[in-house]
Amino acid sequence: MDAPVLRVGVIGAGNVGGALVELLSDPSRHVALVDAATATLELVGVAVRDASRARPEVPTHLITTDAASLAARDDLDILVEVIGGIEPARTYIESALSRGTSVVTANKALMAEAGTQLAALAHEHGADLFYEAAVGGAIPILRALRSSLAGERIERVMGIVNGTTNFILSKMTSEASDYAPALAEAQALGYAEADPSADVEGFDAAAKVQIISSLAFGTRLAGESITREGITGVRAVDVEFARRAGFVIKLLGVAERVGETGISRRVHPAMVPLEHPLAAVHGAMNAVFVEGAKSGPLMWLGPGAGGYPTATAVLGDVLDAARNRVSGRHDVPFSIDETLHAIDTNDIASVFYLSLDVLDQPGVLAAVAGVFGDHGVSIQSMEQSGVADEARLSFVTHVARTGDVFATLNDLASLASVDSIGACIRVIDGGDR
Ligand code: NDP
Ligand code: HSE
């Protein structure tokens, strides 16, 4: 009997889609289609915006600009969405799922916005919705959380989950590079989102934290906003201070249990001690550090962005969906824990590093220290360096409530002797739990 042919359509042929089409078209990889004996994959269409653009990796006869018709084909088994953004991606995915076509996507923004609803739609129509590539590029972290750690009580997940910002911070750390050229290089290498503010302002990492949290704890994927601070306020002086103090600055996505039913989810720059495994994650590499109650600490590391690494995760999902299709099954959506509630980040305690530029005059330090005292924020250490008639003050606090530190900064900003507030960066595992 002939092996059944599963028809695959791909929407998007940019960094990820182009690499995926190349992998799908490589005959040597067909051997790697574990179920080649029971099914073969046929690429039946690749939808793009601009059909005139040269795409050597895509056979010309497969290119279409009619993504809606490709998604709505009744004979399609698997639709891959790699265009990004909420619309029209969501409409195409809903169109495919409601026909029973399985969907593979790398779209973290959409999954964070509507993942729970889309997973329910997939289930209703007997289809799969897979999105491993949405978090950590090539790292198989979603499967690990969903399957291997399904029986573990996860306490905290901390991740470097945005390649662009890790690339920029790494360049600022190791090459004293300026921010702008490092960002331009990340864009040229295909790491950055179409709008790079999604990377540097932490939106991309926030979406990934929501996806991780849904699988680690059972929180809903329904467009909640979580606390988010990007890297645009991190300056060379902060990177240098961190280095001297034995830390490296990373943009961290954190999802953690607080008590029995609280979950805190946030994205912010953090000073990571050099001896922590996350400190050794450089360039566009991503890493996810999971603390399980019984497993102890675990870490996954790998390329978190870029066409080929991301395409390998997409291809893995396509093969999983293909296997399910052949065996007439589909995965059930992850379960939601209705007892959980979100913890206000203001109530999370941490050690903080703060820097400010002030006038170098008598009484200024006392006034500044007084503001810390007013909010009950205790100073652990202070460093002053002179810049003309100004002084830069760098403080490390004792463990303090985030809301109290922000209130301190707010009041400091209104002191006449304070010229500018610089960075406000949490120090991880400096007693912040
Ligand atoms: P690109 O911008 O490189 O490519 C987007 C592709 O989608 C292009 O081929 C574009 O067509 C096509 N496209 C855009 N809008 C439409 C539309 N309305 N109809 C048909 N085609 C359309 O994006 P990436 O490949 O970098 O990213 C794709 C997705 O993968 C995003 O969700 C992103 O977040 C995610 N992702 C990306 C990673 C990366 O490292 N780049 C890593 C992990 C996930 P045209 O070429 O004609 O302009
Ligand atoms: N823009 C994203 C990043 C792509 O830099 O990590 C991978 O999701």
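Calculation criteria
Counting restarts for each chain: residues are numbered from 1 in the order of the written sequence. Key to labels: chains lettered from A, ligands numbered from 1, both in the order written. Whole-chain, interface and lining totals are the exception, using all residues; otherwise, since this is a predicted model, local features are given only for residues with pLDDT of at least 70 and side-chain atom pairs are given and counted only at 80 or more. Calculated side-chain values reflect all of the structure's heavy atoms, with hydrogen atoms and water omitted. Segmentation of the chain into domains, including their bounds, is taken from an automatic or database domain assignment. Throughout this document, a residue counts as near a molecule or strand when at least one of its heavy atoms sits within 4 Å of that molecule or strand. A 3.5 Å cut-off defines polar contacts: any pair of N or O atoms within that distance qualifies, except that in protein one atom must be a possible hydrogen donor and the other a possible acceptor, and neighbouring residues in sequence count only when both atoms are side-chain atoms. We get accessible surface area from the Shrake-Rupley algorithm with a probe of 1.4 Å; when it comes to residues, only the shown protein chains can shield them. Ten residues, namely Ala, Val, Leu, Ile, Met, Phe, Trp, Tyr, Cys and Pro, are considered nonpolar, four, namely Asp, Glu, Lys and Arg, are considered charged, and the remaining ones, Gly among them, are considered polar. Each residue gets one of three labels from its accessible area relative to the maximum for its type: buried under 20%, exposed over 50%, partly exposed in between, using a 1.4 Å probe on protein chains only. Numbering of helices and strands starts at the N terminus; helices are DSSP runs of H or I of at least 4 residues and strands are runs of E of at least 2. Pairing between two strands requires that DSSP report at least two bridges joining them.

With that settled, consider the domain arrangement of the chain. Domain boundaries assigned for the chain yield domain 1 (5-137 + 307-327), domain 2 (141-303) and domain 3 (348-427). Relative to domain 3, the C-alpha centre of domain 1 lies at a distance of 50 Å.

Turning next to the site of ligand 1. The local shell around ligand 1 holds 24 residues, among which Asp50, Arg55, Lys108, Glu193 and Gly306 are the closest. Contact between ligand 1 and Arg55: an oxygen atom at 2.8 Å from a side-chain N or O atom of the residue. Considered on its own, ligand 1 offers 900 Å² of accessible surface; in the complex 88% of this is hidden by protein. Residue composition of the shell around ligand 1, grouped by class: 10 nonpolar, 8 polar and 6 charged.

Right, let's talk about the pairing of strand β1 (residues 5-11) for a bit. Extensive coverage of β1 is indicated by the burial of 5 of its 7 residues. Strand direction decides the pairing type here: β1 and strand β2 (residues 40-47), joined by 7 bridges, are parallel. Looking at β2, one finds that Leu6 is bridged to Leu41. Summarising the sheet, β1 and strand β4 (residues 78-81) pair through 4 bridges and their orientation is parallel. Its bridge partner being in β4, Gly9 is matched across the sheet by Leu79.

Pairing is parallel across the open sheet formed by 6 strands, whose spatial order is β3-β2-β1-β4-β5-β6. Every other strand in the sheet has two partners, leaving β3 (63-64) and β6 (129-130) as the edge strands with one partner each. Pairing of strand β5 (residues 102-105) with β6 involves 2 bridges; the strand directions are parallel. Each residue of the ladder has a partner; that of Val103, found in β6, is Leu129.

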